[in-house]
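Examination of the molecular architecture
Read off the chains here:
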Amino acid sequence: MERYICIHGHFYQPPRENAWLESIEMQDSAYPYHDWNERVSAECYAPNAASRILDSEGCITEIANNYAKISFNFGPTLLAWLEVKAPDVYQAVIAADGESQAAFSGHGSAIAQAYNHMIMPLANRRDKYTQVLWGIRDFEHRFQRKPEGMWLPETAVDLETLDILAEMGIRFTILAPHQARRVRQIGSDTWLDVADAAIDSTKAYEIRLPSGRSLNLFFYDGPISRQVAFEDLLASGDNFAHRLADVFSKEPAWPQLVHIATDGETYGHHHRFGDMALAYALHHIESDGLAQITNYGEYLEKHPPTYEVEINEQTSWSCSHGIERWRSDCGCNAGRNPKWNQSWRTPLREAFDWLRDSLAPHYQERAQEFLRDPWAARDDYIEVILDRSPENVREFLKRHATRELNEPEVVTVLKLLELERHAMLMYTSCGWFFDELSGIETVQVIQYAGRAVQLAQELFGDDIERNFLERLEPAKSNIREHGDGHRIYERFVKPAIVDLTKVAAHFAVSSLFEEYGEQAEIYCYHIGLEDYQTFTAGKPKLALGRARVISAVTRESSVLSFGVLHFGDHNVNAGVRAYQSQEAYQAMLQQLSQTFSSADFPEVIRLLDKHFGTSTYSIKDLFHDEQRKVLDSILQAALSEIEAAYQQLYEHHYPPMRFLSELGNPVPKSFHSAAEFILNSELRKVVNSDTLDLERLKSVLDETQTWQVELDAEGLSYLLQQTLERMTARLVANPEDTDFLKHLLAAAEMLPRLPFPVDLWRVQNLYHGLLKSSYSEFQSRAQQGNEVAREWLGLFVSLGQQLSIRVG
């Protein structure tokens, strides 16, 4: 009888997203200092689309795309982030689904997910429906096919949710074994109780729903899933493979499916090199004939359910109390502080439920002025989220508007739909999962609620914020200084609120430090510069102008005038106001420019206050990423002066200090500090250069040995890693460049002698791609007597050896 193995990975990370800027970063407390580049995304969040299979000597024999052989789902926000931040990983995920269709009888391994990881049994039916529909549409947009399965966030389940899945054409979902209540053979009247996770997980089941529809359910193997996620099973790919195979019955009466489900980041993020254990296990299972690798869709086609199941409703895979983790102080938490409680969960959910239920009738009443069916329009709004181009918005409105809308009416409609979007985003599950009300995950969902509140007040004009904050007050923080939900809102949400004036202020201040041109994009805002004039008086600089700011999300726009004074350091004074008239604008230009030209800076500040009133801004008001760039720019001049002073000290005193050192005498600490600063600085310049001067690198490293300075190992390693990645990418783009291949080989040969390690993950990936795409062509040329090709092959194989990749 056939044996099948399926491994499912659920890839979801809570985003750190500014609800007003539509900017997404991934958040993880284990990596608080990373700049979330491609390497980090691949290791932590995309859990290795390029995983290594090693031989007995530790050399890479294959770089495997694990996604092509496992079942997986990604949160739509994570996929959107990968598409921008790590496009190579994103493309590997999409390609893997196509490869899996070829391998598994036309069934792709990717499955959809309910859109923003909402706990479905706690949602009302309307939100459940939209969450499922948006998840399907996002999946279709990315994978260009209909999903067969859908992952339920935290596997939280009730019959209504399953019925919606079935209604929308979803064939199956995956649950934990303890979520099954009883089973019976189809056609039988006798039920078997399978409480306490006693269900046989090696087969598919059918659930018959109250509506008359049915859905297929898979219950993953609980013990192995726990060993993979929380124990050390991934320490050995061989042990992992055999642990899966050991589940099979020796005398099965049906085609058995052994399958597990864990968080996808288990493979490489939670367990370092876990992706390699996964790749080896899959390879071993196939090559040794332990079982046939499959996915859920293929298994269902070949072996439809012969058993029926009933479930335990209001349950999940990550709360032993059902779904209480997302609405009460049930005792489930991350364990970061055993003295804390989670009694804040109940009032937080109650406040959000009140907000949702208060906004819904306002939305319906106002939206029906413009839309034939406000809720059908909300369901279809995912098409706008995926493509906010003006042409697509027009097509959306053609489908849903009762008539042709003017521009202010279009803005109103888009604001209404954004209000409803954020009224769902605020229920993202991680807001209740962890320990503390002021944690980044919970503050994130309160920000989503804050955006809904802001839009409601703009649209409906009532005092919904005050009522909402009153309902947040019973939610008490475990940290005294944070108080309660009201104080957390005031401290963390209100400062994050963005409007068109704040965007214009950001543009005005940052324009002093970078050139934007007449058109600029700042996150989800477009800036059309109508006038911009600058004046200088030594270090101080004054910029005055006028710009139209347009939201790409709501299409709201405004023309604003601005003035900004920079004294040459971190002191910046800026003012912004709505453009009033050409006469008033010209008067402001004339007064400020004339006063500035006379260097009467106190009067300039007074005039800024006169013309812009209380709408004044500084560097503190810049958006976070730009704030860092501006501060780096300001500090660069100071750092250059410091470096020049250290350089002069180092060069001037080098001969006597070298003589002193050769005599065995200690070098003065002041000189040693100068040497450490200068040599690290010089090394950064060398390793960050695309040409990578290897002789200079060796020379500076020798000097670091002479003076026994402490190196910035982590920073140097990262810079050199990026340089090597750029160099290898250049070789991939032009593999015929034998001289450059020689240079890259020389750089790789130097790596073992460096006093710090270098992550070669992406370099190995690029090399492996070149091995697959170009190596055979050069082999063919060499066999025909081409000496250049023969030389290239020798160099390429040597480079592979340096990268621990077996060639041939």
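What comes next is a walk through the structure. (Residues numbered from 1 in each chain as written. Predicted model: local features only at pLDDT ≥ 70, side-chain atom pairs only at ≥ 80, totals over all residues. Heavy atoms only, no water.)

Looking at empty space enclosed by the protein
- Here the structure, examined in full by the defined rule, presents five cavities of 30 Å³ or more.
- Here the largest cavity is characterised by a volume of approximately 80 Å³.
- Where the lining of the largest cavity is concerned, the elements lending two or more residues are β6 (71–74), α2 (76–85), β7 (112–113) and α4 (125–143).
- Of the residues forming the lining of the largest cavity, the biggest block, four residues, is contributed by α4.
- Considered class by class, the residues forming the lining of the largest cavity number eight nonpolar, three polar and one charged. (1 Å grid on protein atoms, 1.4 Å probe; cavity = no way out; pocket = protein on both sides within 12 Å on 5 of 7 lines; lining within 4 Å. Points joined across faces, edges and corners; volume = space filled by probe spheres on them. Helix = DSSP H or I, 4+ residues; strand = E, 2+ residues; numbered from the N terminus. Nonpolar A, V, L, I, M, F, W, Y, C, P; charged D, E, K, R; others polar.)

Description of helix α29 (residues 787–802)
- Here α29 is 16 residues long and its end C-alpha atoms lie 23 Å apart, about the 22 Å a rise of 1.5 Å per residue gives.
- Taken residue by residue, α29 has Ala-789, Trp-792, Leu-793, Leu-795, Phe-796, Leu-799 and Gly-800 as its buried positions.
- Sitting at the amino-terminal end of α29 is Asn-786, which places a side-chain oxygen 3.0 Å from the backbone nitrogen of Val-788.
- Remark: Ser-804 follows α29 within two positions and exhibits a positive phi of approximately 60 degrees. (Expected span 1.5 Å × (residues − 1). Buried < 20%, exposed > 50% of the residue type's maximum accessible area, 1.4 Å probe, protein only. Polar contact = N/O pair within 3.5 Å; in protein donor to acceptor, adjacent residues only side chain to side chain.)

Some words on the sheet that holds strand β16 (residues 307–311)
- Spatially, β9-β13-β12-β16-β10-β11 is the arrangement adopted by the six strands of the open sheet, whose pairing is mixed. Edge positions in the sheet fall to β9 (172–175) and β11 (192–193), since each has one partner strand and no second.
- Direction of pairing for strand β10 (residues 180–185) relative to β11: antiparallel, over a ladder of two bridges. Bridge pairing in β11 links Val-183 to Leu-192.
- The sheet strands contacting helix α5 (residues 159–167) are β9, β12 (205–208), β13 (214–219) and β16, and the helix crosses β13 at an angle near 115 degrees. (Pairing = 2+ DSSP bridges. Contact = heavy atoms within 4.5 Å. Axes fitted to C-alpha atoms, helices over the stretch in contact; angles between N-to-C directions.)

Section: the pairing of strand β19 (residues 541–551)
- Here β19 lies mainly inside the structure; eight of its eleven residues are buried.
- As paired elements, strand β18 (residues 525–536) and β19 share eleven bridges and run antiparallel to each other. From the neighbouring strand, His-526 faces β19, where its bridge partner is Ile-550.
- The turn linking β18 back onto β19 is made up of four residues, and Gly-538 within it adopts a positive phi angle of 75 degrees.
- Bridge count between β19 and strand β20 (residues 557–566): ten bridges; the pairing is antiparallel.

Things to note about the packing of helix α20 (residues 582–597) against helix α21 (residues 601–612)
- At a minimum axis distance of 8 Å, the contact between α20 and α21 shows a crossing angle of 165 degrees. Judged by the inter-axis angle, α20 sits roughly antiparallel to α21. The way α20 lies across α21 gives a crossing that is left-handed. Listed contacts from α21 to Met-588, Gln-591, Leu-592, Thr-595 and Phe-596 of α20 are Phe-601, Glu-603, Val-604, Leu-607, Leu-608, Lys-610, His-611 and Phe-612.
- Split into classes, the residues belonging to the contact of α20 with α21 amount to eight nonpolar, three polar and two charged. (Parallel < 35°, antiparallel > 145°, perpendicular 65-115°, else oblique. Left-handed = near helix turned anticlockwise from the far one by under 90°.)

Things to note about the environment of Ser-100
- The topology assignment puts Ser-100 in helix α3 (residues 87–103).
- In this structure the C-alpha to C-alpha distance between Ser-100 and Ile-136, which are 36 residues apart in sequence, comes to 19 Å.
- In contact with Ser-100, other than residues within four places in its own chain, are Ala-68, His-107, Gly-108 and Ser-109.

Overview of the nonpolar core
- Ranked by internal contacts, the top residues of the largest apolar core, which has 105 residues, are Phe-352, Ile-446 and Phe-468.
- With ten residues, the top contributor of residues to this core is helix α16 (residues 440–460).
- Discounting residues that sit within four places of it in the chain, Ile-446 has contacts with Leu-348, Phe-352, Leu-437, Ile-488, Tyr-489 and Val-493.
- Grouped together as the second largest cluster of nonpolar side chains are 70 residues, Val-93, Ile-207, Phe-248 and Tyr-267 included. (Core = buried A, V, L, I, M, F, W, Y, C linked by side-chain atoms within 4.5 Å.)

Quick word on unusual backbone geometry
- One non-glycine residue, Gln-708, adopts positive backbone phi at about 55 degrees.
- Summarising the element assignment, Gln-708 is placed in the loop between α24 (694–707) and α25 (713–733).

Digging into the packing of aromatic side chains
- One pass over the structure, following the stated rule, counts 40 aromatic pairs.
- Ring centres of Phe-172 and Tyr-296 lie 5.6 Å apart, and the angle between their planes is 50 degrees; this geometry places the pair in the tilted category. Here Tyr-296 lies in helix α9 (residues 296–302) and Phe-172 lies in strand β9, a separation of 124 residues in the sequence.
- Residue class for Phe-172 comes out buried when judged on its relative accessible area of 2%.
- Both rings, one in Tyr-654 and one in Trp-707, keep their centres 5.6 Å apart while their planes meet at 80 degrees; by these two values the pair is edge-to-face. You can see Tyr-654 sitting in helix α22 (residues 624–662) and its partner Trp-707 sitting in helix α24, a full 53 residues away along the chain.
- Classification of Tyr-654 by relative accessible area gives partly exposed; the value is 23%.
- Each member of the aromatic cluster is reached from another via a ring pair, and the members are Tyr-4, Phe-172, Phe-218, Tyr-296 and Tyr-299.
- Sitting over the ring of Phe-433, Arg-325 keeps its end group 3.5 Å from the ring centre.
- The ring of Tyr-579 carries Arg-546 above its face, with NZ or CZ at 5.0 Å from the centroid. (Phe/Tyr/Trp six-rings, centres within 6.5 Å; stacked < 30°, edge-to-face > 60°. Lys NZ or Arg CZ within 6 Å of the ring centre and 35° of its normal.)

Observations concerning helix α8 (residues 274–287)
- Here α8 spans 20 Å end to end across 14 residues, near enough to the 20 Å set by a 1.5 Å rise per residue.
- Counting buried positions along α8 yields ten of 14 residues, so the element is predominantly enclosed.
- Gly-274, Asp-275, Met-276, Ala-277, Leu-278, Ala-279, Ala-281, Leu-282, His-284 and Ile-285 are the residues of α8 that are buried.
- Positive phi shows up at Gly-289, right after α8, with a value of about 65 degrees.

Examining the side chain of Asn-73
- Mapped onto the elements of the fold, Asn-73 is located in strand β6.
- Within the structure, the side chain of Asn-73 is placed 3.0 Å from the side chain of His-10, a separation counted as a polar contact.
- In this structure, Asn-73 is in contact with His-8, Gly-9, His-10, Phe-11, Ile-111, Ala-112, Gln-113 and Trp-151, ignoring residues within four places of it in sequence.

Things to note about the sheet that holds β20
- Strand order in the open sheet formed by six strands is β17-β18-β19-β20-β21-β22, and the pairing between neighbours is antiparallel. Strands with a single pairing partner mark the edges of an open sheet, and in this sheet they are β17 (519–522) and β22 (616–617).
- Against the sheet, α20 contacts β18, β19, β20 and β21 (572–578), and its axis sits at roughly 150 degrees relative to β19.

Section: the side chain of Thr-738
- Along the chain, Thr-738 turns up in helix α26 (residues 738–750).
- Take Thr-738: its relative accessible area is 9%, and that puts it in the buried class.
- Apart from the residues lying within four places of it in its own chain, the contact partners of Thr-738 are Val-788, Glu-791, Trp-792 and Leu-795.

Some points on a nonpolar patch on the surface
- A surface patch of nonpolar side chains, amounting to about 400 Å² of accessible area, comprises Leu-631, Leu-635, Leu-639, Ile-642 and Phe-677.
- Top element by residues in the nonpolar patch is α22. It accounts for four residues.
- Of note, Phe-677 is situated in helix α23 (residues 669–687).
- For Phe-677, a relative accessible area of 30% gives the class partly exposed. (Patch = residues over 30% accessible without salt bridge, like charges linked within 9 Å, V, L, I, M, F, W, Y side chains within 5 Å. Areas by Shrake-Rupley, 256 points an atom, 1.4 Å probe, with all protein chains shown as cover. Salt bridge = Lys/Arg side-chain N within 4 Å of Asp/Glu carboxyl O.)

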